[in-house]
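# Reading the structure
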Amino acid sequence: MCGLAGFAGSGDAADLARMTTALAHRGPDGEGFYSDPETAVHLGHRRLAIIDLGGGAQPMWNGDETIAVVYNGEIYNHVELRRELEARGHVFRSSHSDTEVLIHGYAEWGSDLPRRLNGMFAFALYDRTRRQLFLARDRFGEKPLYYYFDGRNFGFASELSALTEHRHYDRTVDIRSLQKFFAYSFLPAPNALYRHCRKLPGGHFLAFDLDSRRLSVDRYWQFVIEPDIDPSDEDGLAEELLGLLQQAVERRLISDVPLGIFLSGGIDSSATLALAARCRDAAELKTFTIGFTEKSFSEHDYADAVAKRFGSHHSVEVLGLDGARALIPEVLAKLDEPLGDGSIIPTYMLSRFTRRDVTVALSGDGGDELFAGYDPFRALGPAALYERLVPKAVHSGLRRVADWLPISTRNMSLDFRIRRTLMGLSYPRAVWNPIWLSSLEPQDIREALEEPLETEELYAEALEVWHGNRTGNLVDRGLEFYTNLYLQDDILTKVDRAAMMVSLESRAVFLDNDLVEFCRRLPHTLKYRNGQGKYLLRKALANVLPDSVLSRPKKGFGIPMAAWLKQIPANPPLDPVSGVDVDWVAKRWQEHRQGKADHRFLLWSWLGFRLFADGMGIGGPALAGDAADA
């Protein structure tokens, strides 16, 4: 893993140095710079050495120094691509650098290069001949890539914090992005928090012409469900799935540095360990787990059992209220953009704990999105029936009745699930999924943030996915939402930031190209059946994992957020923020701490935003209301 930064236009070497230094945590093993005074192109890089430890310094050039690259990620099929390029006459300098494959691949295939890559990546290529910068991001956005463009000046970086180090770049917070943050509990690409900044979405590339100063963004891949596999031979399909999963694990075990596995004891991470143990001596595999003193949130007993079953060298660390009290402000202040997902805390703790022993960790991220593993899939059928049978007038009354239920702070308590479900059902089914995740529902966003925004605009990204679905099935539509939006801009963002804070590389086994293509073609009945997700995956793993793992309900990687927020922080951050009714927010803090309401998602997101703003030195930010300028 690494960090990259650069720009074309106003600025100098001092700006580049500050931008690159801001990414030091992403790459502690080295740095590199290049500046072209003629075209005012500047490239910077921080390196975390994983493959080709002795070489691989960046920016890396081709033989005649017409193409340079700065890159973050791992290309798992780089050996195959190298063979193909060598057969076409390309001469490589390194023995096994995946970075060099990008240079020669771009020279051979141009903008078709990203489509051929199987891996996680964000890179920027400087093409002297074409006089352009070419940027690309992997299919799911495992590796981050932001850019800045104000009509003349163009810049890019792995993190927003690096872009803000350029002294000429605007740091005004965009009100539309802030509204979307509270609407989703994460910021969906291409939105970014600052005016003139954008996230390059996963599966996209960008070209910036140095002469015309024109910028274009194009999609090269999208996760779209196109079921064309005959579901009748379930045993054969389960065998094929297991083979693809085994191949994905083997590809991600390639490393020149120590490697471990995140282990929760759930199906996805347990499968990763089990299949890794088929490739390596289990005693050489190191597994890592985080637990909680609050038992309803902790899974470490299950992880312990799985580690014992396969014989890995297992380590556990337990997090309680006192530890969280110190970690929460530290971690949220370091996030590159605010995130409403409370599991960033245990993910950071797990990453820090893991980094003591290894530099690379495999994860099971993506399994829930591809195989319908989340609880909302179980709610879709009853929700559709409820929508059809219950009049709107009665519905509002039921929500008021639900508000009288005793409030529990336990993990996924009944009162919590009822309230969240009814909240989503107050709106059209096209936005059920994002509202179930949200910090605030649309009517509250209109009250808390003093500028109206219609539901259709607020959830434009989710609606685009909904209307782009080709099957019309609720499960498929949910899968596309979670895979295209939630996975990219919540789960993968969380893991990347937490791991990179401690210079750890994480690798998502389930996001292998070949495995994903297989999943795209599966009908939903092989993913979700009779109230249970991961149907075919469970069948594929029947002779790999014990029944105790395969039959256990999903718990998730949550934290005792509702309980913690009654004490942390001692004094809620309520400084004035332009465009926000802080008194409205203060009332919600009071209601939560008095046990009158459960506002855990709102308060966590607000805390994250305020600590992010303070960490970035924004204070009470000025907010830009014109989203078109962003």
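The structure we're discussing is the one just above.
Residues numbered from 1 in each chain as written. Predicted model: local features only at pLDDT ≥ 70, side-chain atom pairs only at ≥ 80, totals over all residues. Heavy atoms only, no water.

The subject of this paragraph is the sheet that holds strand S3 (residues 41-47). What the six strands build is an open sheet, ordered S2-S3-S1-S9-S8-S11; its pairing is antiparallel. Among the strands making up the open sheet, the edge pair consists of strand S2 (30-36) and strand S11 (197-199). On average, adjacent strands in this sheet sit at an angle of 10° to one another, irrespective of strand direction. In this structure, strand S8 (residues 146-149) lies alongside strand S9 (residues 154-157), joined through four bridges in antiparallel fashion. (Pairing = 2+ DSSP bridges. Helix = DSSP H or I, 4+ residues; strand = E, 2+ residues; numbered from the N terminus. Axes fitted to C-alpha atoms, helices over the stretch in contact; angles between N-to-C directions.)

Now for the packing of helix H7 (residues 234-252) against helix H21 (residues 513-520). Two numbers describe how H7 lies on H21: the axes approach to 8 Å, and their chain directions differ by 155°. The orientation of H7 relative to H21 falls into the category roughly antiparallel. For the crossing formed where H7 meets H21, the hand is left-handed. Contacts from Leu237, Glu240, Leu241, Leu244, Leu245, Gln247 and Arg251 of H7 reach H21 at Asp514, Leu515 and Phe518. Looking at side-chain class alone, the contact of H7 with H21 contains six nonpolar, one polar and three charged residues. (Parallel < 35°, antiparallel > 145°, perpendicular 65-115°, else oblique. Left-handed = near helix turned anticlockwise from the far one by under 90°. Contact = heavy atoms within 4.5 Å. Nonpolar A, V, L, I, M, F, W, Y, C, P; charged D, E, K, R; others polar.)

Where helix H19 (residues 460-468) contacts helix H20 (residues 474-501), the two axes come as close as 9 Å, and the packing angle between them is 135°. Relative to H20, H19 is oriented oblique. The handedness of the crossing between H19 and H20 comes out as right-handed. Contact residues: H19 offers Glu461, Ala462, Val465 and Trp466, while H20 offers Leu474, Arg477, Glu480, Phe481, Asn484 and Leu485. Within the contact of H19 with H20, the residues separate by chemical class into six nonpolar, one polar and three charged.

For the structure on display, the rule yields 40 salt bridges. Put simply, Arg26 and Glu159 hold a salt bridge, and the shortest N to O gap is 2.8 Å. Of this pair, Arg26 sits in the loop between helix H1 (13-21) and S2 while Glu159 sits in the loop between S9 and helix H5 (160-163); the two residues are 133 residues apart in sequence, bridging distant segments of the chain. Since its relative accessible area comes to 0%, Arg26 is described here as buried. (Salt bridge = Lys/Arg side-chain N within 4 Å of Asp/Glu carboxyl O. Buried < 20%, exposed > 50% of the residue type's maximum accessible area, 1.4 Å probe, protein only.)

Turning to the packing of aromatic side chains, a few remarks are in order. Describing an aromatic ring pair means giving the distance of the ring centres and the angle of the ring planes. Tallied over the entire structure, the rule returns 27 aromatic pairs. Taking 5.3 Å as the distance between ring centres and 65° as the angle between the ring planes, the aromatic pair formed by Phe140 and Trp221 counts as edge-to-face. Of the two residues, Phe140 sits in the loop between strand S7 (132-137) and S8 while Trp221 sits in the loop between strand S13 (215-219) and H7, which places them 81 residues apart along the sequence. Take Phe140: its relative accessible area is 5%, and that puts it in the buried class. An aromatic cluster is defined as three or more aromatic residues linked by ring pairs; in this entry it consists of Tyr184, Phe186, Tyr374, Phe377, Tyr459, Phe481, Tyr482 and Tyr486. Here the basic side chain of Arg477 rests over the ring of Trp466, its NZ or CZ set 4.1 Å away from the ring centre. Above the plane of the ring of Tyr302 lies Arg552, whose end atom (NZ or CZ) is 3.8 Å from the centre. (Phe/Tyr/Trp six-rings, centres within 6.5 Å; stacked < 30°, edge-to-face > 60°. Lys NZ or Arg CZ within 6 Å of the ring centre and 35° of its normal.)

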